[in-house]
Amino acid sequence: MLSLTLKDIAVSYAGLASPVLSVPALQVAAGESVAVTGASGSGKSTFVNVVSGLEHVGEGVIDWGGTDLVRLAEHRRDRWRAEHVGLVMQDFHLFPGLSALDNVLLPARLASAASSAVKRRGRDLLAGTGLERPGQPVETMSRGEMQRVAIARALVREPGIVIADEPTASLDEESGHIIADLLIGLAGAAGATLIVVSHDPALISRLPRRITLERGQISRDSKAAAI
Amino acid sequence: MIGFILADIRRHKGGTIAILLLVAFAVALAVSVTLQERALRLGSARAANAFDLVVGAAGSETQLVLSSVFLQAAPLPLMEAAAFQRLAADPRVAFAAPIGFGDSFAGYPLVGTSTALVTHLSPQLEEGAGFRQEGDAVIGSAVDLSMGAVIKPMHGTAEEGGHTHTGLAYAVVGRMKQTGTPWDRAILVPIQAVWELHGMGHEEAGHEETGHEEAGHEEAGHEEAGHEGGEHEHSADAAAPIDEDWAEHAAAVPAVLVKPKTIADAYKLRQEYRSGTTLAVFPGEVLTRLYATLGDAKILLMAVAVGTQVLIAAALLLVTIMHVGQRRRQIGALRAFGASRTVVFRIVWLHLFTISLAGIFLGFGLGYLVSDIIGGIVSRQNGFTMPVAFARGDLVFAAAVSAFAAVLAIVPAMLAYRQSPAAALKG
């Protein structure tokens, strides 16, 4: 469970006049659940890359519970992300040829962190998502089932942060509903700070705080509005 | 990590096998060139081992060795009987055995010689006994004839359109032990019989036959006419006892194997018989010169093999760079889920290096197999054993190729290492 403080963040690309993302200040409390919405091109993906440490930012502050990502070198960010962030993506990014359980445990294994406790937790999480065959090869699964595996993978190392990028965009309505339940339920049970980037109204409406991005700027923040 | 790599290999079986075979064939080519050259060198050196000093009429040293040691059929000028008689009587000579070739039977070379050479090549016979009469024949271990088989000698070889001598039929009386030399395919008969069949027996040295060429391709032509006329066909008495008193009875011979008593004698004899009408050679020395030529050919073949390897390495580099390109998203995802750059580097490198290494191993096996098969064919055709074996140098080659593969795999691994996870995921 980690809190996020963004300060003076500006991401620009050469050839573009205005920055793709510009956040003077943003606070997310530890354990809070936030939806980030906006039209395509509004800077949502950049927001995910910035707060997850995937994209290097030269100036400002990206502080997660006392760790400033701006000041970490790439390999340190990789390690930090492995330990603290559970990622769920629109395209799942599962590895075909491996079973559901092996996919869940792959990041932990690559970081040499697959202890027996992690393995047990992987099995429990898979069972918790309603998947009954942990040994099933992922390429034989439906899209909804694949996203369940991805959620179990995101949570297996008990991260303080769960970041989901359009987790329901490629799913049908029913699967999307199940995924939303699992994501909010499991992240909540783990006490992780949850950031969901989405334009799925059904999913957004279930999250207490909603931030809207427009042309790289925060145009609306339900929490700020409430205050 | 290994599980992840194996899963990827399983998913891309076809491509993996293609890369594996590409590497294996390139390596096998170089390995078989090396093994083959070594086998030929060892095999021929072994074949020449029994032949200390060979003396013949002045002419080509190489041909003298090829004809006497390797029994390669070729026209060779004859050395006059007087020179042979001098050699046989020389106190520095342990024995001097005449080697008269030119006839054949069923594809096996027929060699006229003395009991001394039979004893020298095979101190103990595999079966039977050495020759006692002019009609006796002792066969090499690889000759497919049984004891008592009748041999009707053919002048020259069947392919050259030789004709069968009607003057004498030999009978197999003994078989030598295996020597691993072309002599395993030879049929040894008393030299007297050969002389007599060719109308040279019991004639005094200095006869004009000196210039005549035994088994000559062209020369044999007009001589043949005489044979075919029937009236000039000579005959020999199969039951006549052999007579190895060379001082009394000797005729011209194409080559004489000389066993000197000491090394010093060997050098003196070689010096003495290298002038005028005779030529004395150490087969080992001639072979060394041949090896130098062989070495040049090997360098050329190795250059071709290495060139092939470079081409394949370039192709592999292309394939592996495409491999990384195809896996951009996968690699990006690995990074996104927390795999460090080093882990990604190791995965890509290990993946490609494993396949290359397997290919190199396979290539060595394949190269050995091919050399062994070729060696077997050569043995069957020429009778001399080709010892196909790996040596220390091959280990160096294996290490060098493996190191090259290891370095090559760094390129795509580096590409993967430098990929930004965010950029890779976007694609």
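Here is what the cut-offs are and how they apply
Residues numbered from 1 in each chain as written. Chains lettered and ligands numbered in written order. Predicted model: local features only at pLDDT ≥ 70, side-chain atom pairs only at ≥ 80, totals over all residues. Helix = DSSP H or I, 4+ residues; strand = E, 2+ residues; numbered from the N terminus. Rg over C-alpha atoms; globule rule 2.2 N^0.38 Å. Buried ≥ 20, exposed ≤ 12 C-beta atoms within 10 Å, placed from the backbone. Contact = placed C-beta atoms within 7 Å. Domains from an automatic or database assignment. Nonpolar A, V, L, I, M, F, W, Y, C, P; charged D, E, K, R; others polar. Pairing = 2+ DSSP bridges. Axes fitted to C-alpha atoms, helices over the stretch in contact; angles between N-to-C directions.

1. Some thoughts on the overall build of chain B
Thinking step 1. A count of helices and strands for chain B gives 14 helices and 13 strands.
Thinking step 2. In terms of overall size, chain B is more extended than a compact globule, its C-alpha atoms giving a radius of gyration of 31 Å where 427 residues would be expected to give roughly 22 Å.
Thinking step 3. Projected onto its principal axes, the C-alpha coordinates of chain B cover approximately 100 × 45 × 40 Å.
Thinking step 4. Counting across all 427 residues of chain B, residues that qualify as buried make up 44%.
Thinking step 5. Contacts in chain B between residues far apart in sequence, at least 24 positions, make up 82% of those at least 6 positions apart.

2. A few points about the domain arrangement of chain B
Residue and element names in this part refer to chain B.
Thinking step 1. Parsing chain B into structural domains produces domain 1 (2-45 + 290-426) and domain 2 (53-281).
Thinking step 2. Look at where the C-alpha atoms of domain 1 and domain 2 centre, and you get two points 51 Å apart.
Thinking step 3. Across the side of domain 1 that touches domain 2, the residue classes tally to 2 nonpolar, 3 polar and no charged.

3. Notes on the interface of chain A and chain B
Thinking step 1. The interface of chain A with chain B comprises 20 residues on the first partner and 20 residues on the second.
Thinking step 2. Residue composition of the side of chain A that touches chain B, grouped by class: 10 nonpolar, 4 polar and 6 charged.

4. A few points about the sheet that holds strand β6 (residues 85-89) of chain A
Residue and element names in this part refer to chain A.
Thinking step 1. Reading across the sheet, the 6 strands line up as β6-β7-β8-β3-β9-β10 and stay open at both edges, with mixed pairing between neighbours. Pairing within the sheet leaves two strands with one partner each, and these edge strands are β6 and β10 (217-221). Averaged over all pairs of adjacent strands, the angle between their axes in this sheet comes to 20°, without regard to strand direction.
Thinking step 2. Bridge count for strand β7 (residues 161-165) against strand β8 (residues 193-197) is 5 bridges, and the pairing is parallel. Looking at β8, one finds that Asp-165 is bridged to Val-197.
Thinking step 3. Packed onto the sheet, helix α5 (residues 143-155) meets β6 and β7 and runs at close to 165° relative to β6.

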